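# Fold and contact review
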Amino acid sequence: QVQLVQSGGGLVQTGGSLRLSCAASGRSFSTKAMGWFRQAPGKEREFVAAINWSGSSTYYADSVKGRFTISRDNAKNTVYLQMNSLKPEDTAVYYCGRGTGDEYDYWGQGTQVTVSS
């Protein structure tokens, strides 16, 4: 059974930074793409960033490009999301997910990020 356990997040002022972590159990982490998504109140879950199995390729939503960085440490079975220059519109619950083909099959528990203006 795969488990994704998230940490990080919290309350930060506009322009601040936060780092989210997502630690995975199981042996398959290093062979899977990983992604971050977010869901704001009253909105659908949206894609934020993704990284391939080796970390050599990354993908970002236009809204976070240049401000967020996704990375991974396969030795620690962990994927990270470094968020800089945060804006109030980044406020959401953030989820990490394990990629499989074109879908995500396991999800973290979610972590709240709140950016105050």
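Bear in mind the structure is a predicted one, so any value in this text is a computation, not a measurement.

## A word on the overall build of the chain
Within the chain, the secondary structure is distributed over zero helices and 11 strands. If you list the helices and strands of the chain from N to C, you get β-β-β-β-β-β-β-β-β-β-β. For the chain, the C-alpha radius of gyration of 13 Å lies close to 13 Å, the compact-globule estimate for 117 residues. A principal-axis box enclosing the C-alpha atoms of the chain has dimensions of 40 × 25 × 25 Å. Per-residue burial for the chain yields a buried fraction of 41% across its 117 residues. The long-range fraction of contacts in the chain, counting pairs at least 24 apart against all pairs at least 6 apart in sequence, stands at 52%. Put simply, the chain shows about 6,200 Å² of open surface, and 46% of that area lies on carbon and sulfur atoms. Of the charged side chains in the chain, 12 are positive and 9 negative; the average position of the first set lies 7 Å away from that of the second.

## What about the sheet that holds strand β1 (residues 4-8)?
Read from one edge to the other, the open sheet built from four strands follows the order β1-β3-β8-β7, with strand pairing classed as antiparallel. Bordering the open sheet on either side are β1 and β7 (68-73), each of which pairs with just one other strand. With strand direction ignored, the average angle separating the axes of adjacent strands in the sheet is 15°. Where β7 and strand β8 (residues 78-83) come together, six bridges link them in antiparallel fashion. When the sheet's bridge partners are listed, Arg72 is paired in β8 with Val79.

## Section: the side chain of Asn52
By the secondary structure assignment, Asn52 is in the loop between β5 (46-51) and β6 (58-60). Setting aside residues no more than four positions away along its own chain, Asn52 makes contact with Lys32, Ala33, Ser57 and Arg72.

## What to know about the pairing of strand β9 (residues 92-100)
Across a regular strand the side chains alternate sides, sitting on one face of the sheet and then on the other. Here β9 lies mainly inside the structure; seven of its nine residues are buried. In the sheet, strand β4 (residues 34-39) pairs with β9 via six bridges, with the strands oriented antiparallel. Within the sheet, the bridge partner assigned to Phe37 lies in β9 and is Tyr95. Pairing of β9 with strand β11 (residues 111-116), which is carried by three bridges, proceeds in the antiparallel orientation. Looking at β11, one finds that Tyr94 is bridged to Thr111. Two strands pair when backbone bridges link them, and β9 and strand β10 (residues 103-107) are joined in this way by four bridges, in the antiparallel orientation.

Each value, and the rule that gives it
Per-chain numbering applies: the sequence of each chain, read as written, is numbered from 1 onward. Residue-level local features of this predicted model are given only where pLDDT is at least 70; pairs of side-chain atoms are given and counted only at 80 or more, and the full residue set underlies all totals for whole chains, interfaces and linings. As a convention, hydrogens and water are excluded, and side-chain values are obtained from all of the structure's heavy atoms. Helix and strand definitions here come from DSSP, where helices need a minimum of 4 consecutive H or I residues and strands a minimum of 2 consecutive E residues; each element is numbered from the N-terminal end. Here the radius of gyration uses the C-alpha set of atoms, whereas the globule reference equals 2.2 Å times the residue count to the power 0.38. Only protein chains enter the area calculation, which uses a 1.4 Å probe; residues under 20% of their type maximum are buried, those over 50% are exposed, and those in between are partly exposed. Throughout, a contact is declared for two residues whenever any of their heavy atoms are within 4.5 Å. All accessible-area figures derive from a Shrake-Rupley calculation using a 1.4 Å probe, and residue coverage is judged against the displayed protein chains alone. Charged residues are defined narrowly, with Lys and Arg counted positive, Asp and Glu counted negative, and His plus the chain ends left uncounted. Where a charge sits is defined by one atom per residue type, namely NZ (Lys), CZ (Arg), CG (Asp) or CD (Glu). The pairing criterion for strands is at least two bridges between them, as found by DSSP. Helix axes are fitted to C-alpha atoms over the stretch in contact, other axes to C-alpha atoms as well, and angles between N-to-C directions run from 0 to 180 degrees.

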